[in-house]
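Survey of secondary and tertiary structure
Chain by chain, the residues run as shown.
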Amino acid sequence: MFAVEDTSVQVCWDRLPPGAVALEAGGSRVEVEGGGGPGSVSLDGLPPDAALELTVTAHGQPRRRARRFRTLPPPPGRLLSRFATVNDLHIGERGFGLVQRLHDDGGPDGEPYPVRCARAAVREAVAWGADTLVAKGDLTWSGRPGQWETIAGILGSAGVPVHAVPGNHDTGRKSVEGGPVLRGHGVDMRDGEWAVDLAGIRVVMVDSTWRGHSRGELDEARRARVAALAAGGGGPAFVALHHYPQPFRLPHMYPAGLPADQARALLDALAAANPSTLVATGHSHRHRVHRRTPVRVAEVGATLHYPGTWAGYAVHEGGIRQVVRRVAAPEAMAWTERTRRVLGGLWGWWASGRLADRCFTLGWAGPR
Ligand SMILES: [Fe+2]
Ligand SMILES: [Fe+2]
């Protein structure tokens, strides 16, 4: 069970026994044909905030309970808008693995795996109901012109407005400027920081890159502008940047994020300016929620390595709900499932995080 929402769950598998397999929960039933490789289904129409169980009935076998779970409570108030994020799409990457590199087995149409995963992530996020897309950096592997053209084509054909900030992979020493190519395809990428107002929330886009460096950089003047933008909408804010805030002064994991002193100052400034703020990042290629920070921070994983995800946000009057879903297209999942075994399987465990790191409901702070 990879994702849980208020009325649906996403169930994924690496293999199923041959024959018809029925998955059931909360009065919803889906039957799939087993025997193939990895796959995924969504069980919809579930009761919100309810304790349920998922059962699996394989062909010729008795029904068995696979998992108990609880659907999320929806945030208070009416649903106002839905948007989605993608990050770490790495168009142009040619292999994955720290010790031994995994290489592509080739998709059905010959597209490299980063392209297959990015295309499917965008398509599935829009099908989920996102009316806006936010791309949080590492759109390319090395910021080369052809890579920018490819990602601009994918994002520009999403069918909804797309806003993008770069990541460290987009701003290496040999990278070229991606903004003009993206804008040429109708994708909004600007310098520095800016705000986009959606129904019920202001999205603050922040370029946290430091050209030629892997870690991020946000000086005091820019932090003040980010906080002012977060407060300037007069309501809740969603701050999108590439680099995750480092909790400690020395980086405790690879890759380094936003240095702890800058990160702490940014989160303090946001809490003071607008406590009804959710910060979302990428860069770490894993899923984690920072719960002890002045405002909530969610790290979301990459589209193209296990588990291979995008994030959806349902904005209500009184809060926001995050769901992280695996890219379900078979041509994407066949690859991301292979990358699960990197580092002797440690990667799969590390990158996934817990269900509560991926799917949660956050009520906005009290009156400001
Ligand atoms: Fe990345
Ligand atoms: Fe990155």
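Residues numbered from 1 in each chain as written. Chains lettered and ligands numbered in written order. Predicted model: local features only at pLDDT ≥ 70, side-chain atom pairs only at ≥ 80, totals over all residues.

1. Things to note about the environment of Ser276
- With respect to the element layout, Ser276 can be found in the loop between helix H5 (260-273) and strand E14 (277-281).
- Since 23 C-beta atoms lie within 10 Å of it, Ser276 is described here as buried.
- Linking Ser276 and Pro112, residues 164 residues apart in sequence, is a C-alpha distance of 40 Å. (Helix = DSSP H or I, 4+ residues; strand = E, 2+ residues; numbered from the N terminus. Buried ≥ 20, exposed ≤ 12 C-beta atoms within 10 Å, placed from the backbone.)

2. Description of the sheet that holds strand E18 (residues 319-326)
- Ordered by their spatial adjacency, six strands build an open sheet running E10-E9-E8-E17-E18-E19, and the pairing between neighbours is mixed. Edge positions in the sheet fall to strand E10 (162-165) and strand E19 (360-363), since each of these pairs with one other strand and no more. Averaged over all neighbouring strand pairs, the angle between strand axes comes to 20°, with direction disregarded.
- Judged from the three bridges that link them, strand E8 (residues 79-86) and strand E9 (residues 133-136) form a sheet pairing that is parallel. Looking at E9, one finds that Val86 is bridged to Ala135. (Pairing = 2+ DSSP bridges. Axes fitted to C-alpha atoms, helices over the stretch in contact; angles between N-to-C directions.)

3. Overview of the sheet that holds strand E4 (residues 28-34)
- Pairing is antiparallel in the open sheet, where four strands are placed in the order E4-E3-E6-E7. The sheet is open, and its two borders are formed by E4 and strand E7 (64-70), each paired with just one other strand. Strand after strand, the sheet turns through a mean of 20° between neighbouring axes, direction not considered.

4. A few points about the nonpolar core
- Residues Leu133, Leu155, Val204, Val239 and Ala240 are the most contacted members of the largest nonpolar core, which totals 92 residues.
- Here this core gets eight residues from one element, more than from any other, and that element is helix H1 (residues 113-128).
- Two domains share this core, each providing at least three of its residues, namely domain 1 (3-70) and domain 2 (79-363).
- Counting five residues, the second-largest nonpolar core is a separate cluster that includes Phe96, Tyr306, Val342 and Ala351. (Core = buried A, V, L, I, M, F, W, Y, C linked by C-beta atoms within 7 Å. Domains from an automatic or database assignment.)

5. Topic: the pairing of E18
- Of all the eight residues making up E18, eight are buried; the element is thus mostly covered by neighbouring parts of the structure.
- On E18, burial covers both faces: Gly319, Arg321, Val323 and Arg325 on one face and Ile320, Gln322, Val324 and Arg326 on the other are all buried.
- Here strand E17 (residues 309-316) runs beside E18; their pairing, made up of eight bridges, is antiparallel. Looking at the pairing, Ala314 lines up with Arg321 of E18.
- What sits between E17 and E18 in their antiparallel hairpin is a turn of two residues.
- In this structure, E18 lies alongside E19, joined through four bridges in antiparallel fashion. Across the sheet, the residue bridging to Gly319 is Gly363, located in E19.

6. Brief notes about H1
- The end-to-end C-alpha distance of H1, which contains 16 residues, comes to 22 Å, matching closely the 22 Å that a straight helix rising 1.5 Å per residue would cover.
- Burial analysis of H1 places 12 of its 16 residues in the buried class, the great majority of the element.
- Those residues of H1 lying buried are Tyr113, Pro114, Val115, Arg116, Cys117, Ala118, Arg119, Ala120, Ala121, Val122, Glu124 and Ala125.
- The inward-facing, buried residues of H1 contact E8, E9, helix H2 (145-156), E17 and helix H6 (330-339).
- Phi turns positive one or two residues past the end of H1, at Gly129, with a value near 125°. (Expected span 1.5 Å × (residues − 1). Contact = placed C-beta atoms within 7 Å.)

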